[in-house]
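Overview (structure and organization)
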Amino acid sequence: MVKPLVTLVNPNKVHPAITPYALDILTTFLEQEDFDVEVLDLTFCRDQWREAVAGYFDSRTPLLIGITIRNTDTIYAQDQRVFLGEHQEIIAEIRRYSRAPIVAGGAGFSSMPFAAASYLGIDYGVKGPGEVILCQLAKALVGGKTPAIPGLIVNHGNDQIERLPVAGTADGLLGLAGFREPRTWQVDKTASYQRRSGDPFRVDNAEYYRRGGLGNILTKNGCPFACAHCLEPDAKGNRFATRTAASVVDEMETLAIQGIYDLHTADSEFNLGIASSKEVLREIVRRKERDASSPLCQMRLWVYCQPAPFDDEFAGLLAAAGCAGVDVACDHVRDDMLNGWKVTGKQTRYYAFDDVTATVGLIRKHGMLCLVDVLLGMPGETLETLRDAIDRTMALDTTVVGFSLGIRVFPYSPLGIWCAARSDGTRPVPGLQSNTATEPIILRQAHQCGTPLEYERQFMFEASGTIRPVFYFSPDLPEEPETVAQANGRRVNTLRFMWDYIPATEYPRIMLPTIPGVSENDNSYADNPFVTSLVKLGYKGAYWSRWRERDAIMREASRQGLFPLDQPVR
């Protein structure tokens, strides 16, 4: 008997290539439910994607088509590149060849699922982890039933979109949108996901490693914290769905056997829920000590962490497990700026600058590389706080320092809700900006909107339907009043101040935002010339670990004809 086919599509055309981990997870569970699963991956044929779509669907009639929307945009305030238009174009092309219903999911989709479902013209959507709901949807379609699956987003057409009720959800529009729910029920916490390389129409993990420099691993889903700028507690769930240490390390071992030795954690932050993180590290160490020939002995971990919790035991376990570098996402280094921003679900600030200093010290003590990331431009940022943040961060004993300027505003992030409340549907909020805005950015609060679709749209689209992502820059930064008053005013003065304030002798260890335009010094990931050249030259691991060597690397890339060195630094 022929199994029903579910086709999973990766529409991400950004390079360096990022492994579509979600499709491995979904493939694992769909196969367990006795479906045939194939992956149509457009990342490696981004210039011939139409031919790839036509060739694939010419000989296949899937029951269901799933699309992963990992990112709606780069969230990088200086280029503000949006991917939804490309994804819509791909979905329209698929519709030419297949009548199968289309379901979308992924972190980007989950940040604004009603607006994305409407714009993309899909039939169904999933907010948060997708393995449980997707399998239920596929089984309902096999049985010819109208899907009645809690949590499933259904597009009835003509902007009539609903999310089928989940028991215990809140009332009101935010409740209908699934705002900050626990999504642990959407995750299987014991399974070891199937990670393959070289199999036709599957995710090719080894090829992604070769052309992206990193593999990935997930130890937990969701986050119970409430950081002002972050979408993940809403998009992924506000409770940790923690996988068993054995299932995680089994998966790591499988990847290492395939020659994928550099793994980046895909958790919101690896050290939150630190007890479970330590269990994973202990399991790695136990297996390495038990078998010196284990492929885990060749593995290098690259982890995202917050400055706290982070103790000496954790740092020692990281080093023993093979961690090569830690990205400390401290977001800011002034305690007054962190108040009300970096908070738990109970609105309690959970670290101070002293924690940042101590964590960096522990990372260096145990011989690991260290990146500290700082986000500049939140409410209350001034020239004084900006200068002080730069000084404090540069004084840390880091391998590299990264600064970003400007914050992406999402519908259900605390910052997004705060901006909507200040705008109140009547006035522009000083600080809101979009490069593509043609009119003042005015946001309505959730209770002022009739549907979640209406509320979400305003964070990505103008009333005319033109794509217009929303960013926030503190209006107290050193910009001209007319710049702040314009919805599309570019915050160039602040950026220039940062470049001028930091001594040129420090540039080798500092990642700074750049004025739009191609530059090897740009710290945006998408199609970055330095990062793509790095990968083409065969380097592996987190790209920031090679940042200090970028001049030599770019010269070699130019010598080999990979990238011309004729671009301005700023």
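This report concerns the structure included in the present document. (Residues numbered from 1 in each chain as written. Predicted model: local features only at pLDDT ≥ 70, side-chain atom pairs only at ≥ 80, totals over all residues. Heavy atoms only, no water.)

1. Some thoughts on the overall build of the protein chain
Formally: In this text, helices come from DSSP runs of H or I with a minimum length of four residues, and strands from runs of E with a minimum of two, each type numbered from the N-terminal end. The size measure is the radius of gyration over C-alpha atoms, and the globule rule it meets is 2.2 Å times the number of residues to the 0.38 power. Residue contacts follow a heavy-atom distance rule, with two residues in contact if any of their heavy atoms lie within 4.5 Å.
Within the protein chain, the regular secondary structure consists of 21 helices and 19 strands. The C-alpha atoms of the protein chain give a radius of gyration of 23 Å, which matches the 25 Å a tight globule of 570 residues would have. In terms of principal-axis extent, the alpha carbons of the protein chain reach across some 70 × 65 × 50 Å. The contacts in the protein chain between residues at least 6 apart in sequence include a share of 72% that link residues at least 24 apart.

2. With respect to the pairing of strand E3 (residues 64–68)
Counted only if it meets this: For every residue, the accessible area (1.4 Å probe, protein chains only) is compared with the maximum for its type, and the residue is labelled buried under 20%, exposed over 50%, or partly exposed between those bounds. DSSP bridges decide pairing: two strands pair if at least two such bridges lie between them. Viewed with both strands pointing away, a crossover whose connecting path from the first strand over the helix to the second turns clockwise is right-handed.
Judged by how many residues are buried, E3 sits mostly within the fold: five of five residues are covered. As defined by bridge partners, strand E1 (residues 5–10) adjoins E3 across four bridges and the pair is classed as parallel. Opposite Val-6, over in E3, you have Leu-64 as the bridge partner. As judged from the four bridges shared by E3 and strand E4 (residues 102–105), these two strands associate in the parallel manner. Paired with Ile-65 across the bridge in E4 is Ile-102. The β-α-β motif built from E3, the intervening helix H3 (residues 84–97) and the parallel element E4 has right-handed crossover chirality.

3. Here's the deal with the packing of aromatic side chains
Applicable threshold: We call Phe, Tyr and Trp rings a pair once their centres come within 6.5 Å, taking the six-membered ring for Trp, and we label the pair stacked below 30 degrees between planes, edge-to-face above 60, and tilted otherwise. Working rule: Lys NZ or Arg CZ, within 6 Å of ring centre, within 35 degrees of ring normal, means a charge sits over the ring.
Under the defined criterion, the tally for this structure stands at 19 aromatic pairs. With 5.2 Å between their ring centres and 80 degrees between their planes, Tyr-350 and Tyr-351 make a pair best called edge-to-face. Across the pair, exposure class does not vary: Tyr-350 and Tyr-351 are buried alike. An aromatic cluster is built from Phe-179, Tyr-412, Tyr-455 and Phe-459, whose rings are joined through pairwise contacts. Looking at Lys-127, its charged tip hangs above the ring of Tyr-412, at a distance of 4.5 Å from the centre. Residue placement shows Arg-408 over the ring face of Phe-471; its charged tip is 5.7 Å from the ring centre.

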